[in-house]
Amino acid sequence: MRREITALTAQKRNKDRVNVYLDGRFAFGLAVIEAVQLRVGQKLTSDEIVELQLKDEVERSYERALNFLSYRPRSEEEVRRNLRKKDVDEQVIEVVMGRLTRAGLVDDREFARYWVDNRARFNPRGLRGLRYELRRKGVSYDVIDEALSCFDASAAASKVAEAGARRLSREPPDDFRRKLKAYMARRGFSYQLIKPLVEEKLEERRAEENTESEGTV
């Protein structure tokens, strides 16, 4: 059974979409890029209608994905999870992911490098912390290992130790040691890195206190 297109009208709220009327009744919406192939009076089979609706679902899901990616780079799995939350069909998700990958908009290797670099600059984490975060975002172990191959864990640990020491500067020595260790451990640093840095910050603190005491004599 064929149904006739009786009207094609631009949507009032979104000029990039067109309302399609079949046999005098609204049937579905389409992106303009798909609607330009249609004309009033054209007759569509059930299969053609299903195909048009599937193409439209792909187009709308692709736009959702682009919007999700506009805030910051995302892993492939993050994009998939976001589309699933919108109840997008798995078949449509696969088509969308293919388009995003071909366009270079989703690339787990690039994402992992971005994540490690961004953390190192603004909110350092240790190797354990970075591995945990990237795994939660669905990045594979091989890609994570590659992204962390040149990561300077010592430099990141020093940066975190310095920030933590400033925050805890008024704490008694024992509390300072305990809290700074916990502060660094929560950020994924190993005990081998934490212990010497905490003792170093304690020594710096003692030296500053001695200097201040000598200055008041």
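See the structure above.
What comes next is a walk through the structure. All values reported here derive from a predicted model rather than from experimental measurement.

## Comments concerning the layout of surface pockets
Then, in step 1: In this model, the largest pocket occupies a volume close to 250 Å³.
Then, in step 2: Taken together, 11 residues form the lining of the largest pocket, with A165, S169, E204, R205 and E208 sitting closest to its centre.
Then, in step 3: Among the elements that take part in the lining of the largest pocket, helix α10 (residues 191–216) stands out by supplying six residues, more than any other.
Then, in step 4: Partitioned by chemical class, the residues of the lining of the largest pocket number two nonpolar, one polar and eight charged.

## Some words on the side chain of E59
Then, in step 1: Relative to the assigned elements, E59 resides in helix α2 (residues 46–69).
Then, in step 2: Overall, the relative accessible area of 16% leaves E59 in the buried class.
Then, in step 3: For E59, the contacting residues outside a window of four places in its chain are A31, I33 and R99.

## Examining unusual backbone geometry
Then, in step 1: Even without being a glycine, D23 presents a positive backbone phi close to 55°.
Then, in step 2: Here D87, not a glycine, exhibits a phi torsion of approximately 60°, which is positive.
Then, in step 3: With respect to the element layout, D87 can be found in the loop between α3 (76–85) and α4 (90–102).

## Notes on the packing of helix α5 (residues 108–122) against helix α7 (residues 141–148)
Then, in step 1: For the pair α5 and α7, the least separation of the axes is 9 Å and the interaxial angle reads 45°. In terms of axis orientation, α5 runs oblique to α7. Here α5 and α7 pass one another in a crossing that is right-handed. Here D108, R109, A112, R113 and V116 of α5 come into contact with α7, specifically with V143, E146, A147 and L148.
Then, in step 2: Looking at the contact of α5 with α7, its residues break down into five nonpolar, no polar and four charged.

## Things to note about the environment of P173
Then, in step 1: Within the fold, P173 resides in helix α9 (residues 173–186).
Then, in step 2: Separated by 20 residues in sequence, P173 and L193 place their C-alpha atoms 19 Å apart.
Then, in step 3: Excluding its chain neighbours within four sequence positions, the residues that come into contact with P173 are L202 and R205.

## Some thoughts on the packing of aromatic side chains
Within a pair of aromatic rings, the relevant descriptors are the distance that separates the centres and the angle that separates the planes.
Then, in step 1: Counted according to the given criterion, the structure contains three aromatic pairs.
Then, in step 2: With centroids separated by 6.3 Å and ring planes inclined at 40°, the aromatic side chains of F111 and Y114 adopt a geometry described as tilted. In this pair, F111 and Y114 both sit in helix α5, three residues apart, roughly one turn of the helix.
Then, in step 3: Since its relative accessible area comes to 27%, Y114 is described here as partly exposed.
Then, in step 4: Positioned above the aromatic ring of F68 is the side chain of R74, whose terminal nitrogen or guanidinium carbon lies 3.8 Å from the ring centre.
Then, in step 5: Lying across the ring of Y62, R99 places its NZ or CZ 3.8 Å from the centre.

## Things to note about the sheet that holds strand β3 (residues 25–31)
Then, in step 1: Spatially, the four strands line up as an open sheet ordered β3-β2-β1-β4, and their pairing is antiparallel. Here the strands that pair on one side only, and so sit at the sheet edges, are β3 and β4 (43–44).
Then, in step 2: As defined by bridge partners, strand β1 (residues 3–10) adjoins strand β2 (residues 17–22) across five bridges and the pair is classed as antiparallel. For I5, the partnering residue across the bridge sits in β2 and is L22.
Then, in step 3: Against the sheet, α2 contacts β1, β2, β3 and β4, and its axis sits at roughly 45° relative to β3.

## A short note on α4
Then, in step 1: With 13 residues, α4 should cover 18 Å at 1.5 Å per step; its first-to-last C-alpha distance of 18 Å lies within 8% of that length.
Then, in step 2: Residues of α4 that are buried include every one of V92, I93, V96, M97, G98 and L100, and no others.
Then, in step 3: Of the residues flanking the start of α4, the one acting as N-cap is D89, its side-chain oxygen 2.8 Å from the backbone nitrogen of Q91.
Then, in step 4: Directly after α4, the chain includes G104, whose backbone phi takes a positive value near 75°.

Thresholds, definitions, all that
- Residues numbered from 1 in each chain as written.
- Predicted model: local features only at pLDDT ≥ 70, side-chain atom pairs only at ≥ 80, totals over all residues.
- Heavy atoms only, no water.
- 1 Å grid on protein atoms, 1.4 Å probe; cavity = no way out; pocket = protein on both sides within 12 Å on 5 of 7 lines; lining within 4 Å.
- Points joined across faces, edges and corners; volume = space filled by probe spheres on them.
- Helix = DSSP H or I, 4+ residues; strand = E, 2+ residues; numbered from the N terminus.
- Nonpolar A, V, L, I, M, F, W, Y, C, P; charged D, E, K, R; others polar.
- Buried < 20%, exposed > 50% of the residue type's maximum accessible area, 1.4 Å probe, protein only.
- Contact = heavy atoms within 4.5 Å.
- Axes fitted to C-alpha atoms, helices over the stretch in contact; angles between N-to-C directions.
- Parallel < 35°, antiparallel > 145°, perpendicular 65-115°, else oblique.
- Left-handed = near helix turned anticlockwise from the far one by under 90°.
- Phe/Tyr/Trp six-rings, centres within 6.5 Å; stacked < 30°, edge-to-face > 60°.
- Lys NZ or Arg CZ within 6 Å of the ring centre and 35° of its normal.
- Pairing = 2+ DSSP bridges.
- Expected span 1.5 Å × (residues − 1).
- Polar contact = N/O pair within 3.5 Å; in protein donor to acceptor, adjacent residues only side chain to side chain.

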